[in-house]
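Observations on the three-dimensional arrangement
Residue strings, one per chain:
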Amino acid sequence: LGVKIPLPLESDETNAFLKGLCAEHGVECKPPLTTYRLLDKLVGEFLESQCLHPTFITDHPKIMSPLAKDHRSKPGLTERFELFANYHEMCNAYTELNDPVEQRARFAAQAKDKAAGDDEAMFVDDGFITALEYGLPPTAGWGMGIDRLCMLLTDNESIKEVLLFPAMRPVGMAADFNPDCQ
């Protein structure tokens, strides 16, 4: 897009800038219009949508990675990558944040977004922070959904096409009764 996003990302100025960028390019983002959600929509529209061939997106902003450790040499970024192929995220990986003070601050920022209506934001997980206070050695991990891999291997566009067990109706929810189907 050829723009420079104002820093720090947590500022009201950045949020207003991203709202304007979304409006200018016709990128729809449902409320709440948090900086995280706006950035995520823009990345999806203009970056992830270009990832046909295997592509690694690296060094995510801290605001986008509440569980990832700060990058060793790039302030404001984290040690995280995602692998994309055929326009879909295949893998998400990062170095685990093991500083309980920093993790509490990130959870608090996420909880603020959650209180504003962002259902994807995290809550303050006191049990996890207590575990971090006991000590977590340097750790990293990655996750790759088998369903995503199956989508890639079978050339399916929808995850629904490869799920072995579709979403089930919650217990107690009324079923559509058809006497002809026993």
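All of the points below concern the structure found in this document.

The rules we used
- Each chain has its residues counted from 1, following the order in which its sequence is written.
- Side-chain atom pairs in this predicted model are given and counted only at pLDDT of 80 or more, local residue features only at pLDDT of at least 70, and totals for whole chains, interfaces and linings cover all residues.
- Calculation of side-chain values draws on the structure's entire complement of heavy atoms; hydrogens and water are dropped beforehand.
- Secondary structure follows DSSP: runs of H or I at least 4 residues long count as helices, runs of E at least 2 residues long count as strands, and numbering of each begins at the N terminus.
- For every residue, the accessible area obtained with a 1.4 Å probe (protein chains only) is divided by the maximum for its type, and the residue is called buried under 20%, exposed over 50%, and partly exposed between those limits.
- Whether two residues are in contact is decided by their heavy atoms, any of which lying within 4.5 Å being enough.
- Residue burial considers only the protein chains on display, and all accessible areas are found by Shrake-Rupley using a 1.4 Å probe.
- In summary, the charge assignment counts Lys and Arg as positive and Asp and Glu as negative, without counting His or the chain termini.
- Working definition for charges: the position is that of NZ of Lys, CZ of Arg, CG of Asp or CD of Glu.
- One side-chain nitrogen of Lys or Arg within 4 Å of one carboxyl oxygen of Asp or Glu is enough to make a salt bridge.
- By nonpolar core we mean a set of buried residues, namely Ala, Val, Leu, Ile, Met, Phe, Trp, Tyr and Cys, connected to one another through side-chain atoms within 4.5 Å.
- Axis angles are defined between N-to-C directions and span 0 to 180 degrees, where every axis is a line fitted to C-alpha atoms and, for a helix, only to the segment in contact.
- If an angle is under 35 degrees, it is roughly parallel; if it is over 145, roughly antiparallel; if it lies from 65 to 115, roughly perpendicular; otherwise it is oblique.
- It is the rotation of the near helix from the far one that decides the hand of a crossing: anticlockwise by less than a right angle makes it left-handed, clockwise makes it right-handed.
- Under the grouping applied here, Gly and all other residues not named as nonpolar or charged are polar, the nonpolar ones being Ala, Val, Leu, Ile, Met, Phe, Trp, Tyr, Cys and Pro and the charged ones Asp, Glu, Lys and Arg.
- In protein, a polar contact means a hydrogen-donor-capable atom and an acceptor-capable atom, both N or O and within 3.5 Å, with residues adjacent in sequence counting only if both atoms are side-chain atoms; elsewhere, any N or O pair within 3.5 Å suffices.
- Pairing between two strands is assigned when DSSP locates at least 2 bridges connecting them.

Time to look at the overall build of the protein chain. For the protein chain, the count of helices and strands is five helices and four strands. Expressed as lengths along the three principal axes of its C-alpha atoms, the size of the protein chain is roughly 65 × 45 × 35 Å. Across the 182 residues in the protein chain, those meeting the buried criterion constitute 30%. Pairs at least 24 apart in sequence give 50% of the contacts found in the protein chain among residues at least 6 apart. About 12100 Å² of surface is accessible on the protein chain, with carbon and sulfur atoms providing 58% of the total. Separation of charge centres in the protein chain, based on 17 positive and 29 negative side chains, amounts to 3 Å.

Let's shift gears to the pattern of salt bridges. Overall, the coordinates contain nine salt bridges when judged by the stated rule. Taking the shortest distance from any N to any O, the salt bridge between Asp-59 and Lys-74 comes out at 2.9 Å. Remark: Lys-74 occurs in the loop between β1 (55-58) and β2 (80-85) and Asp-59 occurs in the loop between β1 and β2; sequence separation between them is 15 residues. Look at the salt bridges and you will find they share partners, linking Lys-62, Asp-70, Glu-102 and Arg-106 into a network.

This part covers the nonpolar core. The nonpolar side chains of a soluble globular protein tend to be buried, and buried together. Core analysis: the biggest nonpolar cluster contains 11 residues, these being Leu-9, Leu-18, Leu-21, Cys-22, Val-27, Cys-29, Leu-38, Leu-39, Leu-42, Ile-63 and Met-64. Residue assignment for this core shows that the elements contributing at least two residues are α1 (12-25) and α2 (35-46).

Packed helix pairs are characterised by how far apart their axes lie and by the angle those axes make with each other. Axis separation between helix α3 (residues 100-115) and helix α4 (residues 126-134) bottoms out at 9 Å; the angle between their running directions is 165°. With respect to each other, α3 and α4 are oriented roughly antiparallel. Where α3 crosses over α4, the two elements pack in a sense that is right-handed. On α4, the residues touching Pro-100, Gln-103, Arg-104 and Phe-107 of α3 are Asp-126, Phe-128, Ile-129, Leu-132 and Glu-133. Of the residues in the contact of α3 with α4, the class split is five nonpolar, one polar and three charged.

Turning to the environment of Asn-98, a few remarks are in order. Within the secondary structure, Asn-98 sits in the loop between β3 (88-95) and α3. Taking C-alpha positions, Asn-98 is 6.1 Å from Leu-132, a pair spaced 34 residues apart along the chain. Here Asn-98 is in contact with Lys-69, Leu-132, Leu-136, Pro-137 and Pro-138, once residues within four sequence places are set aside. Here the side chain of Asn-98 touches Leu-136 through a polar contact of 3.0 Å, landing on its backbone oxygen.

Across the six residues of β2, five count as buried, placing the element largely inside the fold. In textbook terms, the turn of a hairpin is the stretch between consecutive antiparallel strands, and for β2 and β3 this stretch comprises two residues, one of which, Asn-86, has a positive phi near 55°.

All right, on to the pairing of β3 then. Of all the eight residues making up β3, six are buried; the element is thus mostly covered by neighbouring parts of the structure. Bridge count between β2 and β3: six bridges; the pairing is antiparallel. Considered in β3, the bridge of Phe-84 is made with Glu-89. Direction of pairing for β3 relative to strand β4 (residues 140-143): antiparallel, over a ladder of four bridges. Paired with Thr-95 across the strands is Ala-140, a residue of β4.

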